[in-house]
Amino acid sequence: GLTCDGAVWDSTLEALGDEYEYHVVTLPGFAGQAPLENVEAGFFTQIRQMLFDYIEKQELNQPIIVGHSLGGFLALQMAIEKPDFAEKLVIVDALPFMTAVQMPGITAQEAKGFAQTMKTQMKAASEQSFEQKLAYQKSMLPSMINDEENIEIAAKWGAQSDMTTVGQAMYEMYTTDIREDLDQIEIPILVLGAWIAYKDFGSTRQSVLNTYTDQYKEAKEVTVDMTDKGKHFIMWDDPEFFQAWLEKFL
């Protein structure tokens, strides 16, 4: 996910045990990793190719791809580009066009104006001190994570991330609508979403489930379910729900 270290999956891997072979990635520019040399040339395009190259080099035959948030969006893009490269996709609280949830009816083209402003602000945040970035992350993450210790962990990853990379990645997500392209994916998709962080704004389990179901309606084979305890980091907040679904789906 955005700004996250691959260690976000440690508890999941421990729970799943030795039945699988795991390849866990931390993306360039996140959690202290060196950024791409020219991230503004296209974050997702470059990352997709890096991952396809890695899969080929490791001789992985139809791996199962599990992606959280930005990682889920990335996994969907990979499966659209190469419909049968993987066996299955597990998408953790990610949408094919998240902008439409915040601004219903908006198009990817119409989103470019405000997305550019956000990108510029993110890039400017590169000048902030580590302590300033950490404080911002700690103020934001309680809406995404329940546990205080995990908030501390994720906040440090966010503060260590390259803000130009973060801004570019968010810009591309806000201005890319892949809903209509999901019909190109030939493999089963499991989508796990979260809703409780939005209930104070009038959202219900059913309304959020409807939103997810609608955004994935073009997918040929998709299962959608909602956690009733977890926020955005479902694997941390509701491990019983998350791991039960993984074991069933995998």
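The preceding data block contains the structure.
Residues numbered from 1 in each chain as written. Predicted model: local features only at pLDDT ≥ 70, side-chain atom pairs only at ≥ 80, totals over all residues. Heavy atoms only, no water.

Asks: A description of the sheet that holds strand E1 (residues 64-68) should follow, citing residues and the corresponding values.
Replies: Two modes of strand pairing occur in sheets, parallel and antiparallel, and in both the strands are linked by backbone hydrogen bonds. Overall, parallel pairing links the four strands, which are arranged E1-E2-E3-E4 in an open sheet. At either margin of the open sheet sits one strand with a lone partner, and together these are E1 and strand E4 (222-227). Each strand of the sheet is rotated relative to its neighbour by a mean of 15°, with strand direction disregarded. Bridge analysis of strand E2 (residues 88-92) against strand E3 (residues 189-194) gives four bridges, and the strand direction is parallel. Across the sheet, valine 92 pairs through a bridge with leucine 192, a residue of E3. On top of the sheet, helix H11 (residues 239-249) reaches E2, E3 and E4; it is set at about 170° to E3, its chief contact. (Pairing = 2+ DSSP bridges. Helix = DSSP H or I, 4+ residues; strand = E, 2+ residues; numbered from the N terminus. Axes fitted to C-alpha atoms, helices over the stretch in contact; angles between N-to-C directions. Contact = heavy atoms within 4.5 Å.)

Asks: Go over the nonpolar core with me, naming the residues and quoting the values.
Replies: Counting 50 residues, the largest nonpolar core has Phe43, Leu76, Leu89, Ile91 and Ile185 as its most contacted members. Where this core is concerned, the elements lending two or more residues are helix H2 (43-57), helix H3 (70-81), E2, helix H5 (112-124), helix H8 (163-174), E3 and helix H9 (205-215). Sorting elements by how many residues they give to this core places H3 first, with eight residues. Other than its neighbours up to four places away in sequence, phenylalanine 43 contacts Leu27, Pro28, Phe30, Leu36, Leu70, Thr165, Gln168, Ala169 and Glu172. One finds Ile151, Trp157, Leu192 and Ile234 within the second-largest nonpolar core, a separate group that totals 27 residues. (Core = buried A, V, L, I, M, F, W, Y, C linked by side-chain atoms within 4.5 Å. Buried < 20%, exposed > 50% of the residue type's maximum accessible area, 1.4 Å probe, protein only.)

Asks: Let's hear about the packing of aromatic side chains: which residues, and what values?
Replies: The tally for this structure, following the rule as stated, stands at nine aromatic pairs. Their ring planes at 75° and their centres at 5.3 Å tell us that phenylalanine 114 and tyrosine 174 sit as a pair that is edge-to-face. Residue phenylalanine 114 is located in helix H5, and its partner tyrosine 174 is located in helix H8; the two are separated by 60 residues in the primary sequence. Judged by relative accessible area, which is 31%, phenylalanine 114 ranks as partly exposed. Overall, the relative accessible area of 9% leaves tyrosine 174 in the buried class. A cation sits over an aromatic face here: lysine 88 above phenylalanine 249, 5.2 Å from the ring centre. (Phe/Tyr/Trp six-rings, centres within 6.5 Å; stacked < 30°, edge-to-face > 60°. Lys NZ or Arg CZ within 6 Å of the ring centre and 35° of its normal.)

Asks: Tell me about helix H6 (residues 130-140), and please be specific about residues and values.
Replies: Listed in full, the buried residues belonging to H6 are Lys133, Leu134 and Gln137. The buried residues of H6 all sit within an arc of 100° when viewed along its axis, so they share a single face. The exposed set on the far side of H6, more than 90 degrees from its buried face, consists of Glu131 and Ser139. Those residues of H6 that are buried are in contact with helix H7 (148-160) and H8. (Arc of directions from axis to C-beta.)

Asks: Could you give an account of the side chain of lysine 133, with specific residues and numbers?
Replies: Within the secondary structure layout, lysine 133 lies in helix H6. Of the side chains bearing the opposite charge, aspartate 162 lies closest to the buried lysine 133, which forms no salt bridge; the N-O distance is 7.1 Å. Excluding residues within four positions of it along the chain, lysine 133 makes contact with Ala125, Ser126, Gln128, Ala159, Ser161 and Met163. (Lys, Arg positive; Asp, Glu negative; His and termini not counted. Salt bridge = Lys/Arg side-chain N within 4 Å of Asp/Glu carboxyl O.)

Asks: Account for the pairing of E2, with residues named and values stated.
Replies: Burial analysis of E2 places five of its five residues in the buried class, the great majority of the element. In E2, alternate side chains face the same way, and those of Lys88, Val90 and Val92 on one face and Leu89 and Ile91 on the other are all buried. Here five bridges tie E1 to E2, and the two strands are oriented parallel to one another. Bridge pairing in E2 links valine 66 to valine 90. Handedness of the crossover joining E1 and E2 through H3 is recorded here as right-handed. (Right-handed = clockwise from strand over helix to strand, strands pointing away.)

Asks: A description of the pattern of salt bridges should follow, citing residues and the corresponding values.
Replies: By the definition in use, this model includes ten salt bridges. Between arginine 179 and aspartate 177 there is a salt bridge, and its shortest N-O distance comes to 2.8 Å. On the basis of relative accessible area, arginine 179 is assigned to the partly exposed category, the value being 23%. Assessed through its relative accessible area of 30%, aspartate 177 is described here as partly exposed. Ionic pairing is found between glutamate 186 and lysine 220, a salt bridge with its closest N-O pair at 2.9 Å. In this pair, glutamate 186 is assigned in the loop between H8 and E3 and lysine 220 in the loop between H9 and E4, connecting sequence segments 34 residues apart. The class for glutamate 186 is partly exposed, based on a relative accessible area of 48%. Each of Arg205, Asp225 and Asp228 takes part in one network of salt bridges that share partners.

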